[in-house]
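# Coordinates in review
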Amino acid sequence: QMAPDFLLAVEGLTVSFDGFKAVDDLSFYVDENEIRVIIGPNGAGKTTVLDLICGRTRATAGSVRFKNTELTRLKEYEIVRAGVGRKFQNPSIYDDLTVFENLEISYPRGRGVVGALTFKRDAAVKERVQEVAETIFLADHLNQRAEYLSHGQKQWLEIGMLLIQDPELLMLDEPVAGMSVAERKKTAELLNRIIKDRSVIVIEHDMKFVEDIAHKVTVLHQGKILSEGTMAKVQSDPKVVEVYLGH
Ligand code: ADP
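Just so it is clear, the model here is predicted, and its values are computed rather than measured.

About the criteria used
- Residues numbered from 1 in each chain as written.
- Predicted model: local features only at pLDDT ≥ 70, side-chain atom pairs only at ≥ 80, totals over all residues.
- Near = placed C-beta within 6 Å.
- Helix = DSSP H or I, 4+ residues; strand = E, 2+ residues; numbered from the N terminus.
- Nonpolar A, V, L, I, M, F, W, Y, C, P; charged D, E, K, R; others polar.
- Domains from an automatic or database assignment.
- Contact = placed C-beta atoms within 7 Å.
- Pairing = 2+ DSSP bridges.
- Axes fitted to C-alpha atoms, helices over the stretch in contact; angles between N-to-C directions.
- Parallel < 35°, antiparallel > 145°, perpendicular 65-115°, else oblique.
- Left-handed = near helix turned anticlockwise from the far one by under 90°.

To continue, consider the site of the ligand. Around the ligand sit Phe17, Ala22, Gly40, Asn42, Gly43, Ala44, Gly45, Lys46, Thr47 and Thr48, and those are all the residues in its vicinity. Top element by residues in the shell around the ligand is helix α1 (residues 46–53). It accounts for three residues. Residues that form the shell around the ligand fall into these classes: three nonpolar, six polar and one charged.

Further remarks concern the domain arrangement of the protein chain. Assigned domains within the protein chain: domain 1 (1–83 + 169–247) and domain 2 (91–166). Spacing between the C-alpha centres of domain 1 and domain 2 amounts to 26 Å. Contacts between the two partners involve 10 residues from domain 1 and, on the opposite side, 10 residues from domain 2. In terms of residue count, the dominant contributor to the side of domain 1 that touches domain 2 is helix α6 (residues 181–194) (five residues). The residue makeup of the side of domain 1 that touches domain 2, split by class, is five nonpolar, two polar and three charged.

Another point: the pairing of strand β1 (residues 8–17). As paired elements, β1 and strand β2 (residues 20–30) share seven bridges and run antiparallel to each other. The partner of valine 10 across the bridge, within β2, is phenylalanine 28. Here β1 hands over to β2 after two residues, with aspartate 18 in that stretch at a positive phi of 50°. Where β1 lies against strand β4 (residues 61–66), five bridges are found, and the strand directions are antiparallel. Bridge assignment links leucine 8 to a residue of β4, and that residue is phenylalanine 66.

Running from N to C, helix α3 (residues 99–106) and helix α5 (residues 151–163) point in directions that differ by 30°, and their axes come no closer than 8 Å. The orientation of α3 with respect to α5, classified from their angle, is roughly parallel. As for how α3 packs across α5, the hand of that crossing is right-handed. On α5, the residues that touch Val99, Asn102, Leu103 and Ser106 of α3 are Leu157, Gly160 and Met161. When grouped by side-chain class, the residues that make up the contact of α3 with α5 number four nonpolar, three polar and no charged.

Written as structure tokens, this is what we have:
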């Protein structure tokens, strides 16, 4: 079989809610090691696109091909297993567990070991937790209870809980909302670290942050692509200017 050209190929993706097309014949392609940012006014269909990719919402029509796998036929947990991680806006970490424990419980189960091999697994988990903790700037906070982390650190921890499963595609919904300027900068750095092994799709409103991280921007409007390309290109697209300033 031929190698796929894209990590993710979304084609003709459509979903109707009571006849209203929230996502309408949408096609876009994400490369390996790419940071793609989806922007667009409220109600444009951004969250619905991520819901469709991760199997939370069923498509009415179209396909989502991830490597060689058609995702629209799979269940949500099968899509996770295929290598797609999704972070929602509100962090779902365990407040009364430590950073270490939050990461440890997120380590994929069933990666093969029982009995005498448990010890070996524990060592592997510990090493992986340490590695992820360093990536998310929390290596010095491993024994801290998650409830005492700052808002930004909690967001990073949740990203870490996804990273420990080593997804090839990570989808983040407004990851820097509520973060300080310093935390935003570090989040950009975090994203640039992790795309060496994967691609990331980010929904974002903060245009300064978009400018910092986006390899390519997809502008959605009424469930369709209004414009696509580099930030510089879409920012100067008259159609985009009209949608953002026209109302
Ligand atoms: P965005 O994330 O760009 O703000 P959404 O994807 O949340 O937009 O929503 C796109 C449109 O689809 C909105 O008009 C929203 O009301 C509608 N919508 C989203 N999910 C549902 C649903 N489960 N049932 C009915 N309408 C929905």
